[in-house]
Amino acid sequence: MTTTIRVLIADDQMMVRQGFTVLLNAEPDMEVVGQAVDGADAIAQVAQLAPDVVLMDIRMPGVGGIEATRRLTEPAGATVKILVLTTFDLDEYVYEALRAGASGFLLKDASADELAHAVRVVAAGDALLAPNITKRLIGEFSRVTAAAPRGPLRARAGDLTERETEVLTLIAQGLSNAEIAARLVVAEQTVKTHVSRILFKLGLRDRTQAAVFAYETGLVRPSAF
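Bear in mind that the values here come from a model prediction, so they are computed numbers and not experimental data. Within each chain, residue numbers correspond to sequence positions counted from 1 in written order. Totals for whole chains, interfaces and linings use all residues, but because this is a predicted model, local features are given only for residues with pLDDT of at least 70 and pairs of side-chain atoms are given and counted only at 80 or more. With hydrogens and water set aside, each side-chain value is computed from the structure's full complement of heavy atoms.

Caption draft 1: Molecular detail of helix H2 (residues 39-49). Type-normalised accessible area, obtained with a 1.4 Å probe on protein chains alone, sets the label of each residue: buried when under 20%, exposed when over 50%, and partly exposed for intermediate values. Counting from the N terminus, the helices are the DSSP runs of H or I reaching at least four residues and the strands are the DSSP runs of E reaching at least two. All of the buried residues along H2 are Gly39, Ala42, Gln45 and Val46. Buried residues of H2, seen end-on, are gathered within an arc of 120° and therefore sit on one face of the element. In H2, the exposed residues that point more than 90 degrees away from the buried face are Ala47 and Gln48. On the buried face of H2, the contacting elements are strand S1 (5-10), strand S2 (30-36), strand S3 (53-57) and helix H3 (65-73). By arc we mean the arc of the directions from the helix axis to the C-beta atoms, nothing more. Here, residues are in contact when the closest pair of their heavy atoms is within 4.5 Å.

In structure tokens, the structure reads:
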């Protein structure tokens, strides 16, 4: 039996909300359960409707998408996944959205198939970045975190085993569990176990936060690619 992914769309433009609703409701495993006109409305509707994924616009009046994402993902036990949608492929927005707790970032000019795929990826707990911004994102992490104090973060990283640290660096490079398993020549279930332990030890919510952590501690640098 296929599980239906419940989606909330938050965007201040009615045509965008309606267009995404039509596209996603056409998917057999998705249902748009609500539409929000801004970040504050999204927060209220998440509490009422309990969607699995929120498609969150970044630029909205009042409470914007980044602040709304932060408020939705901060509470302990929060399970909703945020997929940020924007027309702006500016590095600062990618970086801040991921720091705020977003699980994915996709431009609004993505195709219907790309949008549906992104929702499925994020709902499954994986990270999603539009391919055309990934390289610039790496540079942005490096620039923003270059002068940041890393002592406390490195102390947390010290709790990881050598293999867990290796898995963490591969997560930050964007590899899936299957790709990590192939790289390390281990079973995919073994990788899943490592990922779960990494998240638990570091007190992180998902793979995206793990990637942010890896960059901010300096475990991964652009030269690693």
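Now that the structure is up, let's keep going.
Caption draft 2: Expanded view of unusual backbone geometry. Phi is positive for Ala50, close to 50°, though the residue is something other than glycine. Relative to the helices and strands, Ala50 resides in the loop between H2 and S3. The phi dihedral of Val185 falls on the positive side, at around 55°, and the residue is not glycine. The residue Val185 is located in the loop between helix H9 (177-184) and helix H10 (188-202) in this model.

Caption draft 3: Local environment of the pattern of salt bridges. By definition, a salt bridge exists where a carboxyl oxygen of Asp or Glu is found within 4 Å of a side-chain nitrogen of Lys or Arg. Under the criterion given, the structure shown has eight salt bridges. Here Asp11 makes a salt bridge to Lys108, at a shortest N to O gap of 2.7 Å. A residue pair is termed long-range when its members are at least 10 positions apart, and Asp11 in the loop between S1 and helix H1 (14-25) and Lys108 in the loop between strand S5 (104-107) and helix H5 (112-123) qualify at 97 residues. Lys108 matches Asp11 in its accessibility class, with the two residues each being buried. Here Lys108 and Asp57 are joined by a salt bridge, their closest N and O atoms 3.3 Å apart. Of this pair, Lys108 sits in the loop between S5 and H5 while Asp57 is found in strand S3, placing the two residues 51 residues apart along the sequence. The residues Lys108 and Asp57 share a single accessibility class, namely buried. Through salt bridges with shared partners, a single ionic network connects Asp11, Asp57 and Lys108.

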